[in-house]
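Residue-level structural notes
Single-letter residue listing:
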Amino acid sequence: MAADDRSMEGHESARDAGATASAAYDMDSEQISHARAFARQFLTREQAVHSLPVSARALEVTQLVISELATNVCKYAPGPCLLDLQIHGTMLDITMWDSGPVLPTAREQDPTRAGQHGLEIVLALCHSFEIRREPVGKRIRVQLALQDDPHHDPAGRSPWHLT
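Comments concerning unusual backbone geometry
- If you check the backbone angles, S51 has positive phi at about 55 degrees while not being a glycine.
- Looking at where S51 falls in the secondary structure, it is placed in the loop between α1 (29-50) and α2 (56-76).
- Judged by its relative accessible area of 58%, S51 falls in the exposed class.

This is the structure we're talking about:
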């Protein structure tokens, strides 16, 4: 099932309460690229229509984070998935819901491990990370900086990096 076409309707200016967009997927590996494209189109449109400053790095990081979250849905909770995007000032909230009951956990760092680094990547790139159990499944919410940090921190000024 492709993204719900209603997804880009009814959003406000980024300068107002926050531009939003939502998409629904029957998540499988083919849908991961659709989710990335959905986010890219949303941010590109907000740049063009509302002059929202979005760095090239933020656009790429957004797509990477969505790819990692969607890949986890494919692996551990295939089926229905909702993707919500919302702009709050200079930050982007990405929320992904799936029907899987198991909460993801970061594994111990191991540079020799092949694969299963997705959550580590998301934690390194995001300003905040939250998981909530839902009556059915779980909801993961992350927040990314839309502008580059002057100190070149990939997550902006993040509580994850205490230096």
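After that view of the structure, there is still more to cover.
Some remarks on the nonpolar core
- Of all hydrophobic cores here, the largest spans 35 residues; its most connected members are V65, L83, L85 and I94.
- Top contributing element to this core by residue count: α2, with eight residues.
- Filtering out sequence-adjacent residues up to four positions away, L83 remains in contact with A21, S22, A23, Y25, A35, F38, I66, I94, T95 and M96.

Notes on the state of the cysteines
- This structure, assessed with the given rule, holds zero disulfides.
- Here C74 stays free of any disulfide, with the sulfur of C81 as its closest cysteine sulfur at 8.2 Å.

Description of the environment of G18
- Checked against the element boundaries, G18 lands in the segment before β1 (20-27).
- You can call G18 buried: its relative accessible area is 3%.
- In this structure the C-alpha to C-alpha distance between G18 and L85, which are 67 residues apart in sequence, comes to 9.6 Å.

Observations regarding the environment of F42
- Positionally, F42 belongs in helix α1.
- Taking relative accessible area as the criterion, F42 reaches 0% and is therefore assigned buried.
- When the C-alpha atoms of F42 and L85 are compared, they prove to be 8.4 Å apart, with 43 residues separating the residues in sequence.

A short note on α1
- Relative to the 32 Å expected for 22 residues at 1.5 Å per residue, α1 spans 32 Å between its end C-alpha atoms, a close match to the ideal helical length.
- All of the buried residues in α1 are Q31, I32, A35, A37, F38, A39, F42, L43, E46 and H50.
- For α1, the N-terminal capping position is held by D28, with its side-chain oxygen 3.0 Å away from the main-chain nitrogen of E30.
- Count one or two residues on from α1 and you reach S51, which has phi positive near 55 degrees.

Concerning the pattern of salt bridges
- In the structure shown here, the tally under the stated rule is six salt bridges.
- We note a salt bridge from R57 to D148, for which the minimum N-O separation is 2.5 Å. Taken together, the residues span a long stretch of sequence, with R57 in helix α2 and D148 in the segment after β5 (138-145) at a distance of 91 residues.
- R57 sits in the partly exposed class, given a relative accessible area of 23%.
- D148 sits in the partly exposed class, given a relative accessible area of 45%.
- The shortest N-O distance in the salt bridge between E130 and R141 comes to 3.8 Å. In this pair, E130 is assigned in strand β4 (residues 128-133) and R141 in strand β5, connecting sequence segments eleven residues apart.
- A single network of salt bridges, built from pairs that share partners, joins D93, E130, R132 and R141.

Remarks on the confidence of the model for the chain
- On average, residues of the chain score 82 in pLDDT, and 77% of them reach the 70 mark or higher.
- Within the chain, the lowest mean pLDDT, 84, falls on helix α3 (residues 118-125), and the highest, 96, falls on strand β3 (residues 91-98).
- In this model residues 1-17 is a low-confidence stretch, pLDDT under 50, and it forms 43 contacts with partners more than four residues away in sequence or in other chains.

Here is what the cut-offs are and how they apply
Residues numbered from 1 in each chain as written. Predicted model: local features only at pLDDT ≥ 70, side-chain atom pairs only at ≥ 80, totals over all residues. Heavy atoms only, no water. Helix = DSSP H or I, 4+ residues; strand = E, 2+ residues; numbered from the N terminus. Buried < 20%, exposed > 50% of the residue type's maximum accessible area, 1.4 Å probe, protein only. Core = buried A, V, L, I, M, F, W, Y, C linked by side-chain atoms within 4.5 Å. Contact = heavy atoms within 4.5 Å. Disulfide = S-S within 2.5 Å. Expected span 1.5 Å × (residues − 1). Polar contact = N/O pair within 3.5 Å; in protein donor to acceptor, adjacent residues only side chain to side chain. Salt bridge = Lys/Arg side-chain N within 4 Å of Asp/Glu carboxyl O. pLDDT = per-residue confidence, 0-100.

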